[in-house]
Amino acid sequence: MKTPVIHPRDLIAGLQKGLALMQLFSDEHPRLSVPQAAALSGQTASAARRFLLTLVHEGFAETDGRQYWLTAKALRIGQAYVDSAQLPRMLRPIVEQVARTTQEHVSVGLRDGDDIVHIVRSRYSHIASLSIRPGSRMPMYCTASGRIWLASFSEEELEAYLARVPLRRLTPFTRAEIPELRDELRKVAAQGYAVVDQEYEAGMCVLGVPLTNRKGELKASLTITTHASRMNGDEMRQRYLHALYEAQALLKPVLD
């Protein structure tokens, strides 16, 4: 589907700023004061205050007069995508098929800016992890899905990414040095799959493959997650890569 050309005069700046402000709330910033919201959004304190009060008026936020935080109503925005988007519904049968075959957790991730967002996860799962819940956001540099995307970047795109995204060591196993990450991305690009062994979350091992359409355009990633105590990355590759490749072939027409 082609993206329409949108003229700046057709954009509603207030809606853009309001949505941007809502996205400031995170694990790091669960509550925001007006000065904090203004500093993070680049808006004036007066504008940030009006946007926050509008969110409170519409039920998307609450306040104690000093700080603001989102309410459960904000979930409606994400749930609207889950309920209305065709892609998750088309992907789910194959995701569940792979989960039944492997008896492991299976999920599909999309790139959203510098993050990966899971849009489908298998109902079957023997693991408890916050990183595999639908809508969860993960960095690209230390996740299997993310490395699949980074391996597809041009040199210019990768340079820009590395310049704006700090590589933090999230576990003792995280590759957080640029040279070793570059080496790993070259490996992913050459072999066509990514293995991440406890780099994002201790105890979790992930194997992933790219999902492309019939033109070869990368559209999503398909991953299997298991406990590192059950098997390591090499064992996952030997046991599950064939099942992922079969699903990859079945999903290619769906992603056109």
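No experiment lies behind these values; they were computed from the predicted model shown. (Residues numbered from 1 in each chain as written. Predicted model: local features only at pLDDT ≥ 70, side-chain atom pairs only at ≥ 80, totals over all residues. Heavy atoms only, no water.)

(A) Examining the nonpolar core more closely. If you look at the biggest cluster of nonpolar residues, it comprises 27 residues, and the most contacted ones within it are Val108, Leu207 and Leu222. Among the elements of the structure, helix H5 (86-102), strand E4 (105-112), strand E5 (115-121), strand E8 (204-212), strand E9 (218-227) and helix H9 (233-251) are those that each provide at least two residues to this core. In terms of residue count, the dominant contributor to this core is H9 (six residues). (Core = buried A, V, L, I, M, F, W, Y, C linked by side-chain atoms within 4.5 Å. Buried < 20%, exposed > 50% of the residue type's maximum accessible area, 1.4 Å probe, protein only. Helix = DSSP H or I, 4+ residues; strand = E, 2+ residues; numbered from the N terminus.)

(B) Layout of unusual backbone geometry. Positive phi values are uncommon outside glycine, yet Gln103 reaches one of about 60 degrees. In this fold, Gln103 is placed in the loop between H5 and E4. The phi torsion at Gln198 lies on the positive side, around 65 degrees, for a residue other than glycine. Within the secondary structure layout, Gln198 lies in the loop between strand E7 (194-197) and E8.

(C) Representation of the sheet that holds strand E6 (residues 137-139) in the model. In spatial order, the strands read E6-E5-E4-E9-E8-E7; together these six strands make up an open sheet with antiparallel pairing. The outermost strands of the open sheet, each flanked by one partner alone, are E6 and E7. Strand after strand, the sheet turns through a mean of 35 degrees between neighbouring axes, direction not considered. Sheet analysis places E4 next to E5, joined by six bridges and oriented antiparallel. Looking at the pairing, Gly109 lines up with His118 of E5. Contacts from H9 reach E7, E8 and E9, with the element oriented near 25 degrees to E8. (Pairing = 2+ DSSP bridges. Axes fitted to C-alpha atoms, helices over the stretch in contact; angles between N-to-C directions. Contact = heavy atoms within 4.5 Å.)

(D) Structural context of helix H1 (residues 13-22). Burial in H1 covers these residues: Gly18, Leu21 and Met22. One face of H1 carries all of its buried residues, which in axial projection span an arc of 100 degrees. (Arc of directions from axis to C-beta.)

(E) Seen up close, the packing of aromatic side chains. As enumerated under the stated definition, the model contains one aromatic pair in all. Consider the rings of Phe153 and Tyr161, whose centres lie 6.5 Å apart with planes at 80 degrees: the pair is edge-to-face. For the pair Phe153 and Tyr161, a shared accessibility class is recorded, and that class is buried. In this arrangement the basic side chain of Lys73 is found over the ring face of Phe60, its NZ or CZ atom lying 4.8 Å from the centre. (Phe/Tyr/Trp six-rings, centres within 6.5 Å; stacked < 30°, edge-to-face > 60°. Lys NZ or Arg CZ within 6 Å of the ring centre and 35° of its normal.)

(F) Layout of the pairing of E5. The buried fraction of E5 is high, at five of seven residues. Connecting E4 to the antiparallel partner E5 that follows it, the hairpin turn spans two residues, and Gly113 within it adopts a positive phi of roughly 65 degrees. Of the pairings in the sheet, the one linking E5 to E6 comprises three bridges and is antiparallel in character. The residue bridging Val117 from the neighbouring strand is Arg137, located in E6.

(G) Representation of the pattern of salt bridges within the structure. Scanning all chains against the criterion turns up 15 salt bridges. Note that Asp114 and Arg164 form a salt bridge whose closest N and O atoms lie 2.8 Å from each other. Linking Asp114 in the loop between E4 and E5 with Arg164 in helix H7 (residues 155-164), this pair joins segments that are 50 residues apart in sequence. A residue is classified by how much of its surface remains accessible, and Asp114, at 22% relative accessible area, is partly exposed. Residue Arg164 is classed as partly exposed on the basis of its relative accessible area of 44%. Salt-bridge contacts for Glu199 lead to Arg175; the nearest nitrogen and oxygen are separated by 2.5 Å. With Glu199 in the loop between E7 and E8 and Arg175 in the loop between H7 and helix H8 (178-191), this pair connects stretches of sequence that are 24 residues apart. Judged by its relative accessible area of 2%, Glu199 falls in the buried class. Each of Arg147, Arg175, Glu184 and Glu199 takes part in one network of salt bridges that share partners. (Salt bridge = Lys/Arg side-chain N within 4 Å of Asp/Glu carboxyl O.)

(H) Structural context of the side chain of Ser107. For Ser107, the location among the structural elements is in strand E4. Within the structure, Ser107 has its side chain in polar contact with the side chain of His118 (distance 3.4 Å). Setting aside anything within four residues of it in sequence, one finds Ser107 in contact with His118, Val120, Arg121, Ser221, Leu222 and Thr223. (Polar contact = N/O pair within 3.5 Å; in protein donor to acceptor, adjacent residues only side chain to side chain.)

(I) Seen up close, the pairing of E7. As judged from the four bridges shared by E7 and E8, these two strands associate in the antiparallel manner. Considered in E8, the bridge of Val195 is made with Leu207.

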